[in-house]
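Chains, contacts and geometry: an overview
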Amino acid sequence: MAALGAWVHNLTVPGKGKVMRYGLYTSRGEQQCDTPEYRERCMHTPPNPTAPNPTSGWTCEGSHGYEKRDAAWLVKAGADYVKVDSCGGDQTHSVAFSDYAKWRDAFNASAIAAGREESVFFSVCGWKQWYGPPDAAATSAQLPAGFGGGPSLGNSYRIHDDGGSWAALSGCTNTIAAIGQWSQPGGWADPDLLIGPSDAKNGQSDAQARTQLNLWSVFPAPLLISQNVLTWSRFALETYSNIEVLAINQDPVQPGAKGGSGYKVGKRLAGSDLALPCNASSSPQSCFNVWGRPLSDGKSFALAFVNNQGTNATASTVQCTHDCFVNLLSGAHPAANYTIRDLWLHEQVGTTSCSTNPGGHCDGWSASVPGGGGSRMFKVTAVAEQASVFTNAVLI
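The present account deals with the structure reproduced in this document. Just so it is clear, the model here is predicted, and its values are computed rather than measured.

1. Describing the overall build of the protein chain
From N to C terminus, the protein chain includes nine helices and 15 strands. Classification of the 396 residues of the protein chain by burial places 46% in the buried group. Contacts in the protein chain between residues at least 24 apart in sequence constitute 67% of all its contacts with a sequence separation of at least 6. For the protein chain, the accessible surface area stands at approximately 19000 Å², while carbon and sulfur atoms represent 54% of it.

2. Re the sheet that holds strand E5 (residues 188-190)
Within the open sheet, the five strands sit side by side as E1-E2-E3-E4-E5. Their pairing is parallel. In this open sheet, the two edge strands, each paired with only one partner strand, are strand E1 (23-27) and E5. Put simply, the sheet's adjacent strands are angled 20 degrees from each other on average, direction ignored. The pairing of strand E4 (residues 156-158) with E5 spans three bridges and is classified as parallel.

3. Remarks on the side chain of Ser286
As for its placement among the helices and strands, Ser286 is situated in the loop between strand E8 (267-270) and strand E9 (288-294). Ignoring any residue separated from it by four or fewer positions in sequence, one finds Ser286 in contact with Ser272, Asp273, Leu274, Ala275 and Cys278.

4. Section: the sheet that holds strand E12 (residues 337-342)
Read from one edge to the other, the open sheet built from six strands follows the order E8-E9-E10-E15-E12-E13, with strand pairing classed as antiparallel. At either end of the open sheet lies a strand with only one pairing partner, and these are E8 and strand E13 (347-353). Strand-to-strand twist in this sheet, taken as the mean axis angle between neighbours without regard to direction, amounts to 30 degrees. Here strand E10 (residues 300-307) runs beside strand E15 (residues 374-382); their pairing, made up of eight bridges, is antiparallel. Note that in E15 the partner of Asn307 across the bridge is Gly374. Each of E8, E9, E10, E12, E13 and E15 is contacted by helix H9 (residues 322-329), which is oriented at about 155 degrees to E8, the strand it contacts most.

5. Regarding the state of the cysteines
This structure, assessed with the given rule, holds four disulfides. At a sulfur-sulfur separation of 2.1 Å, the disulfide partner of Cys320 is Cys324. The chirality of the disulfide connecting Cys320 with Cys324 is left-handed, given an S-S dihedral of about -100 degrees. Classification of Cys320 as buried rests on a relative accessible area of 2%. Look at Cys324 and you get buried, because its relative accessible area is 4%.

6. Points about the pattern of salt bridges
Per the stated rule, a full pass over the model turns up seven salt bridges. Residue Arg28 is joined to Asp99 by a salt bridge in which the shortest nitrogen-to-oxygen separation is 2.7 Å. Of this pair, Arg28 sits in the loop between E1 and helix H2 (36-40) while Asp99 sits in helix H4 (residues 93-113), placing them 71 residues apart in sequence. In this structure, Arg341 engages Glu244 in a salt bridge whose closest nitrogen and oxygen atoms are separated by 2.7 Å. Residue Arg341 is found in strand E12, and its partner Glu244 is found in helix H8 (residues 243-250); the two are separated by 97 residues along the sequence. Overlapping salt bridges bring together Arg158, Asp162 and Asp192 as one network.

7. Let's talk about a nonpolar patch on the surface
Together, Met1, Leu4, Trp7 and Trp73 make up a nonpolar patch on the protein surface, roughly 440 Å² of accessible area in all. As for its position among the elements, Met1 is in the segment before helix H1 (2-9). Classification of Met1 by relative accessible area gives partly exposed; the value is 43%.

Conventions and cut-offs
- Residues numbered from 1 in each chain as written.
- Predicted model: local features only at pLDDT ≥ 70, side-chain atom pairs only at ≥ 80, totals over all residues.
- Heavy atoms only, no water.
- Helix = DSSP H or I, 4+ residues; strand = E, 2+ residues; numbered from the N terminus.
- Buried < 20%, exposed > 50% of the residue type's maximum accessible area, 1.4 Å probe, protein only.
- Contact = heavy atoms within 4.5 Å.
- Areas by Shrake-Rupley, 256 points an atom, 1.4 Å probe, with all protein chains shown as cover.
- Pairing = 2+ DSSP bridges.
- Axes fitted to C-alpha atoms, helices over the stretch in contact; angles between N-to-C directions.
- Disulfide = S-S within 2.5 Å.
- Salt bridge = Lys/Arg side-chain N within 4 Å of Asp/Glu carboxyl O.
- Patch = residues over 30% accessible without salt bridge, like charges linked within 9 Å, V, L, I, M, F, W, Y side chains within 5 Å.

Rendered as structure tokens:
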């Protein structure tokens with residue numbers, strides 16, 4: 001594996017240089033997750049003692065009890081990213097947190113011993129909402145003061161079950177709305193992979209795949225593509241290479257939020273928990289969402305509209321009204337005027353305005369959004385006010 005890592009690291013990307021990285025995978029439990037590859041072999045020599053599972057037949061595949069040895073092996077193999085799953089592991093809060101803390105400490109110690117400048121990117125894959133917020137009651141030998149929240153364990157932490165369809169990914173979005181406030185640089189909430197339109201578990205439409213990228217960029221969340229890129233359509237290639245949307249994802253989150261991690265991460269500005277299918281007549285809040293986040297230039301904001309009603313062939317108007325728009329500003333003083341840029345049309349599509357007086361009104365923004373999990377993505381930018389210029393006139 002070390003040779004594979006060296007080969008990947010030596011690959012040159014035209015115009016970018018040697019920027020390739022590679023990742024490896026294991027599970028904290030006594031078994032790996034259910035894949036044929038992991039059933040056929042074990043990492044260890046000699047292998048772990050066989051521990052058959054009467055239900056699944058899994059044997060001999062997890063890293064439980066071998067955290068230090070496996071972490072050292074993964075680091076020596078040159079891995080830049082390691083995903084540690086939770087299959088076969090005890091799901092009690094304190095035990096799960098303690099298990100992952102062992103991995104965290106083992107990765108850091110192994111990286112120091114190997115002389116690496118930085119440890120691996122440690123992806124905690126526990127698929128539970130409770131990996132986000134702190135829990136002072138979840139104490140253990142590794143966590144004597146209790147659980148400090150997801151960022152205290154890993155560089156990212158899964159907070160929802162697998163999102164194999166847009167209905168499931170709508171659930172992932174709802175979980176981010178509940179606990180995303182704890183996300184921060186170096187410890188990102190992970191709502192699951194970008195599954196694309198052809199995932200084996202059910203998949204999603206092209207429009208839904210684009211909606212997922214929009215929302216994951218606003219949150220922001222890790223962008224891990226779980227697809228065969230060799231089979232991409234032109235639409236998929238355009239989706240995952242949109243540099244304007246990717247720039248939103250990569251824009252540094254800003255400090256200054258009240259509560260949570262203290263960072264101004266993405267938040268739901270309008271709507272409630274998304275559902276698919278949904279009924280706009282009886283529960284419109286579950287059909288429409290507006291999400292936003294302030295950007296690092298101090299004058300711009302990311303704004304995403306989502307419509308789960310009907311099908312992609314139908315459209316509805318989604319609104320970010322005064323209250324929504326003020327919430328988007330996240331405490332910034334309103335500017336008199338804002339430009340609205342559509343990040344998929346790559347052009348300015350309108351303007352909006354606010355009263356600059358204390359408590360003044362903001363017009364907000366609305367747009368027609370395709371249904372069935374469709375979306376629109378905008379960048380809202382304050383227009384700089386031009387100072388008035390006066391000259392002294394001389395009367396003769």
